[in-house]
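Topology and contacts: notes
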Amino acid sequence: MIRRVPVVLSLAIALCCPAFIPAQSAGQSGGELHFCLHGEPKTFNPLLVEDGQSETIRYLTGGVLIRLNRQTQALEPGLATSWKVSADGRTIKFHLRSGLHFSDGTSFTSEDVAYTMKALMDPQLHSPTGDSFRSGEGQIAIQIPSADTIAVTFPAPVAGLDRLFDQVAILSAHSSKKEMAVLGPFYVADYTPGSYVLLRRNTYYWKKDKEGKPLPYLDSIRLDIQRNHDIEILRFRRGEIHLINSLDADLFDRLKKESPAAAHDAGPSLDSEFVWFNQVPTAAFLEYKKVWFRTTEFRRAISLAINRADLSRIVYGGHAQPAYGPISPANHFWFNSALPTPQYDSAAALRLLAGAGFHFDGNTLRDGLGNPVEFTVITSTGNKPREQMVAMIQQDLSQIGIKVNIVTLDFPSLIERITRTYDYEACLLGFTNSDLDPNSQMNVWLSSAENHQWNPRQSKPATAWEAEIDRLMQAQASATSDKKRKADWDRVQQIVAEQQPFIYLINRDAMSAISPAVIGSAPSVLDPHAYWNADVLRLGSDPSLGAQK
């Protein structure tokens, strides 16, 4: 799957709320939560995070100025009690909580925020998180009026500036422990490569519950390194781990039958699966096929001929929804609710094809030159849902006289074809979307972008509609009004629905496994699904692990 650097939306307001959360009426404090990482963390430096394992550790240990609530999708005060973004979108001013300390006892002040921002924006560091803030040439300017106030000014407007800080874990300017001194609910206490990462409770963590009890409730979290998903769910069944953050539909259904209370489906996620046609002019396949793929009516007809409801029902067991486009309905603010519902209508598909010069010859669809319509779809081998989907698409398209061939490739070979050699005709793949904001998709929709998959790295837009998307994406990225950005992004979604450069298929549900022994869980469609509120999780009076008692 193609990963993207997260960037998010802008609310130029100041917020303030007390550092208290509801107390849990049942359960007990203490104990050790167990779950798995699917590989080694590449770094413990929160500014260098780009893999999922390191992101898990950053989320559980890093203190941030502003936190995006994974359930409400609203911004909440973190280390900052309030903030304000300037009208020009270049400056953000924070008022910080006073009297806080890092996990090693070092005091927290605005000096630490300044230190973190300078490191984040240092071009020599090559921070993936810092890249989200780079909207123009030049350096940031920092003002520190007091120990609990700081203003950061960027060389150009940054769309969604405040939400970007959800990813910025504050470092200590003075601690000898460097990035291992943290402000989050847990700190890294031990790491054995190939085995586990152990997080312990940060006794200096600033949050308290409604009754004034210090958080987090848990004493520790053990993250076992386990790459094999089948072994992971076996360990859950055996009672060796408490939760699995993300489950495939088949594993979810098996678990649901065995332990209904442990299986959680939070509904459609931000993730999507889609198919597209190769429109690269230099691609080494027959020219008349390129003409098909560049024809809007052809792409729209293919979209109409695919039964998305069947894909959702059969492939995902009902744990997916037909996709409207680049934004899932789970993204409450940015989704364009005026988009038409995805339709399955093979008769309408044939009418579109007839209008574009295609015709039936027996049971075969032919183009205006008499060529039979046949193409090959590549997808990733070993990914059962994708293999099932492409087989079902093959069957759907046969109903309108189109022959689809299927080739499955190991993931490195597939990426080689779609990004370097362009030796393919069509591809079925997906995006793992970790962010709400449209800026996270800049490297997909700009015609010059590498992930503009159907025809990447264009020197100038190949079509008028791609040029319009370029203009809209650049306009929303520099706008400081949420209303203006929303209007521009709604129009992008409309163009994508009209042109179908990506034929979006489904949005997978966010499915997770959580032991009934874990009290306080509230699974979310945003990642992390199962442990986003780890500081208020606790183990029950019978802290049995996994699905078994």
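Along each chain, the written sequence defines residue order, and numbers are assigned to residues from 1. Reporting in this predicted model follows two pLDDT cut-offs: at least 70 for local features of residues, and 80 or more for side-chain atom pairs to be given and counted; totals over whole chains, interfaces and linings ignore these cut-offs and use all residues. Excluding hydrogens and water, the side-chain figures rest on all heavy atoms present in the structure.

Further remarks concern helix α6 (residues 249-258). Side chains that are three or four residues apart share a direction in an α-helix, a result of its 3.6 residues per turn. Every buried residue of α6 is listed here: A249, L251, F252 and L255. The arc that holds the buried residues of α6, viewed along the axis, is 160°, so those residues lie on one side. On its buried side, α6 packs onto α5 (229-238), β14 (263-277) and β21 (502-514). For every residue, the accessible area obtained with a 1.4 Å probe (protein chains only) is divided by the maximum for its type, and the residue is called buried under 20%, exposed over 50%, and partly exposed between those limits. Comment: elements are numbered from the N terminus, with helices defined as DSSP H or I runs of at least four residues and strands as E runs of at least two. Taken from the helix axis, the directions to the C-beta atoms give the arc we talk about. Contacts are assigned to residue pairs that have any heavy atoms within 4.5 Å of one another.

Before going further, it helps to spend a moment on the nonpolar core. Among the nonpolar cores identified, the biggest contains 76 residues, and L65, F94, F165 and W445 are the most heavily contacted of them. Take this core: its biggest share by element is 5 residues, from helix α14 (residues 464-478). Here F165 is in contact with V64, L65, I66, I92, F94, M117 and F133, once residues within four sequence places are set aside. Here, nonpolar core refers to any group of buried Ala, Val, Leu, Ile, Met, Phe, Trp, Tyr and Cys residues whose side-chain atoms link them within 4.5 Å. Membership of the second largest hydrophobic core comes to 53 residues, among which are L251, F277, A348 and V373.

Burial along strand β6 (residues 91-96) is one-sided: the residues I92, F94 and L96 are buried and none of T91, K93 and H95 is. When DSSP finds two or more bridges between two strands, those strands count as paired. In this structure, strand β5 (residues 80-85) lies alongside β6, joined through 5 bridges in antiparallel fashion. Bridge pairing in β6 places W83 opposite F94. In this antiparallel pair of consecutive strands, β5 and β6, the connection spans 5 residues, and G89 shows a positive phi of 75°. Summarising the sheet, β6 and strand β8 (residues 149-153) pair through 5 bridges and their orientation is antiparallel. The residue bridging F94 from the neighbouring strand is I150, located in β8.

Strands in a sheet are paired, the pairing made by backbone hydrogen bonds, and the direction either parallel or antiparallel. Taken together, the 4 strands give an open sheet; going across it, the order is β5-β6-β8-β7, and neighbouring strands pair in antiparallel fashion. Here the strands that pair on one side only, and so sit at the sheet edges, are β5 and β7 (141-146). Neighbour-to-neighbour, the strand axes of this sheet turn through a mean angle of 15°, independent of strand direction. Structural elements are reduced to axes, namely lines fitted to C-alpha atoms, with helices fitted over the stretch in contact, and the angle between N-to-C directions of any two is expressed from 0 to 180 degrees. Relative to the sheet, helix α2 (residues 110-120) contacts β6, β7 and β8, its axis offset from that of β7 by approximately 175°.

Its place among the elements puts D209 in strand β11 (residues 208-209). Residues D209 and N278, 69 residues apart in the sequence, show an inter-C-alpha distance of 54 Å. A 3.5 Å cut-off defines polar contacts: any pair of N or O atoms within that distance qualifies, except that in protein one atom must be a possible hydrogen donor and the other a possible acceptor, and neighbouring residues in sequence count only when both atoms are side-chain atoms. For D209, the side chain forms a polar contact with the main-chain nitrogen of K213, separated by 2.8 Å. In this structure the side chain of D209 is engaged in a polar contact, spanning 2.7 Å, whose partner is the side chain of Y217.

What follows deals with unusual backbone geometry. Of note, the bond from L215 into P216 is cis; its omega dihedral lies within 30 degrees of zero at 0°. Within the secondary structure, P216 sits in the loop between β11 and β12 (220-225). That bond from D527 to P528 is cis: its omega, 0°, falls within 30 degrees of zero. Along the chain, P528 turns up in the loop between β22 (518-519) and β23 (538-539). Located in the positive-phi region is R457, a residue other than glycine, with phi close to 55°. Here R457 is to be found in the loop between α13 (442-445) and α14.

Attention now moves to the side chain of R70. Considering the arrangement of structural elements, one finds R70 in the loop between β3 (66-68) and β4 (75-77). Polar contacts involving the side chain of R70 include one to the main-chain carbonyl oxygen of L68, which spans 2.9 Å. Side-chain polar atoms of R70 contact the backbone oxygen of D527, separated by 3.2 Å. What R70 contacts, discounting residues up to four positions off in sequence, is Y59, D166, Q167, S524, L526, D527, P528 and W532.

Quick look at the packing of α14 against helix α15 (residues 482-499) now. One way to put it is that α14 packs onto α15 with a least axis distance of 9 Å and a crossing angle of 160°. Classified by the angle their axes make, α14 and α15 are roughly antiparallel. When you trace α14 past α15, the crossing you get is left-handed. Within the contact between the two elements, α14 uses W465, E468, I469, L472, M473, A475 and Q476 and α15 uses K484, R485, D488, W489, R491, V492, I495, V496 and Q499. The cut-offs work like this: below 35 degrees is roughly parallel, past 145 is roughly antiparallel, 65 to 115 is roughly perpendicular, and the gaps in between are oblique. The sense of a crossing depends on the near helix, which, turned anticlockwise from the far helix by less than a right angle, makes the crossing left-handed and, turned clockwise, makes it right-handed.

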